[in-house]
Amino acid sequence: MTSRFLFLLGSARKDGNTELLARRAAEALPEEVEQQWIHLEEAALPRFVDHRHTGEEIPQPVGVEKELLNATLAATDVVLATPLYWYNVSGSTKVMLDYWAGWLKVPGLDFRARMNGKTLWTIMALGDEDFSTAEPALATLEMTGSYLGMRWGGVLNGYSSAPGQVLEDEAALRRAGTFLAPAHDRAAAPTA
Ligand SMILES: Cc1cc2nc3c(=O)[nH]c(=O)nc-3n(C[C@H](O)[C@H](O)[C@H](O)COP(=O)(O)O)c2cc1C
């Protein structure tokens, strides 16, 4: 099966460090790997509403929500490219993860079974050289992926504050060149 990477950009600004780092990592993907990029702020998902426990059927996703759902289901690999905001994922990334909880309850969707086996990757820019400060974010992401039976691809982090600064983090750029490498192997593996 051809790999299809969905890059979900979660910064509250365009062309920021997280996106730059994600683009570097994506450049190393072979051509046959499909890519889709969604800037979450631009997509402008409405605020998440918890429809559970109302006694009524959870509504089927429509509009932007449906587009995001379809993109998510079509992906073999989901890359959450989020800056570190207050030791955790950005607001738009968190809202999107809240939608995942909603989709678990949409009748007929079978969201958990369809997420099972996809790989969840994280690319993160942060303004602290001590990456241990990102532990709450990584716990959020790893545990959410694990809840859905997703594989954990790992995290690529880059030190930066002002836009573009991540391009000075040579170690991060080096890692970006091979970060998604396991996906190359999968793309190259003969299919049974
Ligand atoms: C709301 C907000 C919260 C932030 N919180 C943290 C933080 O907890 N730890 C940290 O190291 N950097 C923090 N930063 C700095 C950003 O992670 C850093 O500037 C990063 O390069 C932004 O990525 P971007 O250019 O992709 O938006 C914060 C920035 C903002 C705007």
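Residues numbered from 1 in each chain as written. Predicted model: local features only at pLDDT ≥ 70, side-chain atom pairs only at ≥ 80, totals over all residues. Heavy atoms only, no water.

- By the naming in an unreviewed UniProt entry, the protein is Flavodoxin, taken from Aeromicrobium yanjiei.

**A closer look at the pairing of strand β2 (residues 34-39)**
Okay, step 1: Two elements, strand β1 (residues 4-9) and β2, share six bridges in a ladder whose sense is parallel. Bridge pairing in β2 links F7 to W37.
Okay, step 2: Following the chain from β1 across helix α1 (residues 17-27) to the adjacent parallel β2, one finds a crossover that is right-handed. (Pairing = 2+ DSSP bridges. Helix = DSSP H or I, 4+ residues; strand = E, 2+ residues; numbered from the N terminus. Right-handed = clockwise from strand over helix to strand, strands pointing away.)

**Describing the site of the ligand**
Okay, step 1: Close contacts around the ligand come from 16 residues, with S11, R13, N17, T18 and W86 the closest.
Okay, step 2: At 2.5 Å from an oxygen atom of the ligand is found a side-chain nitrogen or oxygen belonging to T18.
Okay, step 3: Here an oxygen atom of the ligand sits 3.0 Å away from a polar atom, N or O, in the main chain of G127.
Okay, step 4: Contact with the protein chains hides 76% of the accessible area of the ligand, taken as 640 Å² for the molecule alone.
Okay, step 5: For the shell around the ligand, the elements supplying multiple residues, two or more each, are α1 and β4 (119-126).
Okay, step 6: Residues belonging to the shell around the ligand are distributed by class as follows: seven nonpolar, seven polar and two charged. (Near = heavy atom within 4 Å. Polar contact = N/O pair within 3.5 Å; in protein donor to acceptor, adjacent residues only side chain to side chain. Areas by Shrake-Rupley, 256 points an atom, 1.4 Å probe, with all protein chains shown as cover. Nonpolar A, V, L, I, M, F, W, Y, C, P; charged D, E, K, R; others polar.)

**Some thoughts on the UniProt feature "domain: NADPH-dependent FMN reductase-like" (unreviewed entry) in the protein**
Okay, step 1: The positions UniProt marks with the feature "domain: NADPH-dependent FMN reductase-like" (unreviewed entry) are residues 4-128.
Okay, step 2: The annotated region residues 4-128 carries 36% helix and 20% strand content, and the separation between its end C-alpha atoms amounts to 32 Å. (UniProt positions renumbered as here; feature names shortened; annotations may be inferred.)

**Details of a nonpolar patch on the surface**
Okay, step 1: A contiguous nonpolar surface patch, about 430 Å² in accessible area, is contributed by Y85, W86 and Y87.
Okay, step 2: Here Y87 shows up in the loop between β3 (77-81) and α4 (91-103). (Patch = residues over 30% accessible without salt bridge, like charges linked within 9 Å, V, L, I, M, F, W, Y side chains within 5 Å. Salt bridge = Lys/Arg side-chain N within 4 Å of Asp/Glu carboxyl O.)

**Remarks on the nonpolar core**
Okay, step 1: Counting 32 residues, the largest nonpolar core has L8, M96, W100, W103 and F111 as the members making the most contacts within it.
Okay, step 2: Elements represented by at least two residues in this core include exactly β1, α3 (63-74), β3, α4, α5 (111-115), β4 and α6 (135-147).
Okay, step 3: By residue number, the principal contributor to this core is α4, which donates five residues.
Okay, step 4: L29, V79, A172 and L180 belong to the second largest nonpolar core, which has 20 residues in total. (Core = buried A, V, L, I, M, F, W, Y, C linked by side-chain atoms within 4.5 Å. Buried < 20%, exposed > 50% of the residue type's maximum accessible area, 1.4 Å probe, protein only.)

**Observations regarding the packing of aromatic side chains**
Okay, step 1: Going through the model one piece at a time under the given rule, you end up with nine aromatic pairs.
Okay, step 2: Relative to W37, the ring of F7 has its centre 4.1 Å away and its plane inclined at 10 degrees; by these criteria the two rings are stacked. Of this pair, F7 sits in strand β1 while W37 sits in strand β2; the two residues are 30 residues apart in sequence, bridging distant segments of the chain.
Okay, step 3: Residue F7 is classed as buried on the basis of its relative accessible area, which comes to 0%.
Okay, step 4: An aromatic cluster is defined as three or more aromatic residues linked by ring pairs; in this entry it consists of F5, F7, W37, W121 and F179.
Okay, step 5: Lying across the ring of Y147, R112 places its NZ or CZ 4.4 Å from the centre. (Phe/Tyr/Trp six-rings, centres within 6.5 Å; stacked < 30°, edge-to-face > 60°. Lys NZ or Arg CZ within 6 Å of the ring centre and 35° of its normal.)

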